[in-house]
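Residue-level structural notes
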Amino acid sequence: MRIELSEAVRLLKAGLVVAIPTETVYGLAASLQSPQAIDQIYRLKNRPDDNPLIVHIASYDQMRSLVKSFPLDFERLVHAFWPGPLTLILPVRDGAIPDRVTAGQPTVGIRMPAHDTALEVIRQVGPLVAPSANLSGKPSGTCLEHIEDDFGIQFPVLDGGPCEEGMESTILYPAVTGWKIVRHGAISAEQIETVLGYSVLPSAEEVANWKNLQAPICPGQRYRHYAPRANLVLGYENYRGAPTVVLGFLGRSYPNAKKVIILGDLEYPESISSGLYDQLRLLDHLGIDSAWVDCQFTSEGILRTVLERLQRAAS
Ligand code: TXA
Ligand code: MG
């Protein structure tokens, strides 16, 4: 149900959950000050308790009291990418953030969205926690219809139209070897490397070490995610069976397809990333139970994020 900005602010201040637009995906927002609304987010999404929430801020002032210290190169990153789709994992100031938000970790994920409506709501309400607006495991909600599909037509949504990026924020973690990507997202590794001057892709050894930690570095990455009901199989290029549904790209031919769903134009990678979740949800609307995905593309830039999402949706 569409609501006005003033109504969204009123509901959030009253301790309720509201879906708000951001430049990445819609967020299921609650005030950082509302323990009951934060609980409600976990219930609504059916989200595992050990999966922490990102805190969204509209100014540096809103962040200072939440964070204990700022790792090396923090300023360079925020100067380059905030407001924008970059979440930074930072050491949390003792007692500043409820355990429910951090899932008991000594860190908090923070970002400043590049979206005027979101920023205005945050200015008026204060910092907001907001996971993506979808049932846990489903593709993130990127427009009003997705949210209504998952949470019902009565659910309050501050409608900002379809999200520009259509992909979640990139999450960076300050490892001993420098900032490392723990979730690929709307900002590519290459863009961040241009600013930092070193590789932000964690080594295989780092990833293995993180898996052995008692508290995982990015808990959300352990769960099945971004998945439609349909069974996705990657690697159509090797498929030789009977006619099937294919997720493919503009200008390519798919000889043994009974239906092709175009993900976008590989010449314009953003045309693929921005609509990916909508196309995955379309499979369910069409009642398609299985589809092959054309994976013949170079996974660099935003296409690395696209490939990672497809792999997780298919797993
Ligand atoms: O673009 C986005 O980031 C969107 C919009 C709404 O801002 N939000 C979003 O939130 O994608 P969510 O909850 O769907 O994904 C957040 C991810 C989860 O995988 C979670 O485990 C990780 O961030 N995360 C949150 N806090 C963390 C922390 N302190 N340490 C490590 N990972 C954290
Ligand atoms: Mg999510």
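Conventions and cut-offs
- Residues numbered from 1 in each chain as written.
- Chains lettered and ligands numbered in written order.
- Predicted model: local features only at pLDDT ≥ 70, side-chain atom pairs only at ≥ 80, totals over all residues.
- Heavy atoms only, no water.
- Near = heavy atom within 4 Å.
- Polar contact = N/O pair within 3.5 Å; in protein donor to acceptor, adjacent residues only side chain to side chain.
- Areas by Shrake-Rupley, 256 points an atom, 1.4 Å probe, with all protein chains shown as cover.
- Helix = DSSP H or I, 4+ residues; strand = E, 2+ residues; numbered from the N terminus.
- Nonpolar A, V, L, I, M, F, W, Y, C, P; charged D, E, K, R; others polar.
- Pairing = 2+ DSSP bridges.
- Salt bridge = Lys/Arg side-chain N within 4 Å of Asp/Glu carboxyl O.
- Buried < 20%, exposed > 50% of the residue type's maximum accessible area, 1.4 Å probe, protein only.
- Axes fitted to C-alpha atoms, helices over the stretch in contact; angles between N-to-C directions.
- Contact = heavy atoms within 4.5 Å.
- Domains from an automatic or database assignment.
- Buried area = accessible area lost by both parts, 1.4 Å probe.

1. Some remarks on the site of ligand 1
By nearness alone, 26 residues border ligand 1, and T24, N51, H56, S169 and I217 come closest of all. One of the side-chain N or O atoms of S132 is found 2.9 Å from an oxygen atom in ligand 1. S169 places a side-chain nitrogen or oxygen 2.5 Å from an oxygen atom of ligand 1. Considering ligand 1 on its own, with 680 Å² of exposed area, one finds that the protein chains cover 98% of that surface. Contributions of two or more residues to the shell around ligand 1 are made by β3 (54-56) and β5 (107-111). In terms of residues, the shell around ligand 1 owes the most to one element, β5, which gives 4 residues. Per-class residue counts for the shell around ligand 1 are 13 nonpolar, 9 polar and 4 charged.

2. Points about the sheet that holds strand β1 (residues 18-20)
What the 8 strands build is an open sheet, ordered β1-β2-β6-β3-β5-β4-β7-β8; its pairing is mixed. Here the strands that pair on one side only, and so sit at the sheet edges, are β1 and β8 (178-183). In the sheet, strand β4 (residues 86-91) pairs with β5 via 4 bridges, with the strands oriented antiparallel. Its bridge partner lying in β5, L88 is registered against I110.

3. Some remarks on the pattern of salt bridges
All chains considered together, the criterion is met by 16 salt bridges. The partner of R100 in a salt bridge is D49, and the shortest N-O contact between them spans 3.0 Å. Residue R100 is found in helix α5 (residues 99-102), and its partner D49 is found in the loop between α2 (35-45) and β3; the two are separated by 51 residues along the sequence. Assessed through its relative accessible area of 28%, R100 is described here as partly exposed. Classification of D49 as exposed rests on a relative accessible area of 54%. Residue D284 pairs with K138 through a salt bridge whose shortest N-O separation is 3.6 Å. Of this pair, D284 sits in helix α11 (residues 276-285) while K138 sits in the loop between β6 (128-129) and α7 (144-151), and the two are 146 residues apart along the sequence.

4. Concerning the sheet that holds strand β9 (residues 231-234)
Taken in spatial order, the 4 strands make up an open sheet running β9-β12-β10-β11, and their pairing is parallel. Unpaired on one side and paired on the other, β9 and β11 (257-262) mark the two borders of the sheet. Within the sheet, the average angular offset between the axes of one strand and its neighbour, ignoring direction, is 30 degrees. Note: β9 against strand β12 (residues 290-293), 4 bridges, orientation parallel. Within the sheet, the bridge partner assigned to V233 lies in β12 and is W292. Sheet contacts for α11: β9, β10 (244-248), β11 and β12; angle to β11, the most-contacted strand, approximately 145 degrees.

5. Considerations on the environment of E148
Mapped onto the secondary structure, E148 falls in helix α7. Put simply, E148 and F297 are 149 residues apart on the chain and 33 Å apart in space, counted from C-alpha to C-alpha. Dropping the residues within four chain positions of it, E148 is found in contact with M1 and I153.

6. Some remarks on the domain arrangement of the chain
For an interface, size is often stated in terms of accessible area lost upon the parts coming together. Splitting the chain by domain gives domain 1 (5-211) and domain 2 (231-314). The C-alpha centroid of domain 2 is placed 27 Å from the C-alpha centroid of domain 1. In this complex, domain 1 contributes 23 residues to the contact, which on the side of domain 2 involves 16 residues. Summed over the three residues of domain 1 that lose the most area to domain 2, namely P139, M167 and H184, the buried surface amounts to 37% of that side. Run the count over domain 1 and domain 2 and you get 4 salt bridges. For the salt bridge of E190 with R304, the shortest nitrogen-to-oxygen distance reads 3.2 Å. Counting across the domain 1 and domain 2 interface gives 11 residue pairs in polar contact (both at pLDDT 80 or more). At the level of secondary structure, the elements contributing two or more residues to the side of domain 1 that touches domain 2 comprise α7 and α8 (189-196). Sorting elements by how many residues they give to the side of domain 1 that touches domain 2 places α7 first, with 3 residues. The class makeup of the residues in the side of domain 1 that touches domain 2 is 6 nonpolar, 9 polar and 8 charged.

7. Overview of the side chain of Q62
Tracing the sequence through the fold places Q62 in helix α3 (residues 61-64). Ignoring sequence-local partners within four residues, the contact set of Q62 consists of I57, I122, R123, G126 and P127.

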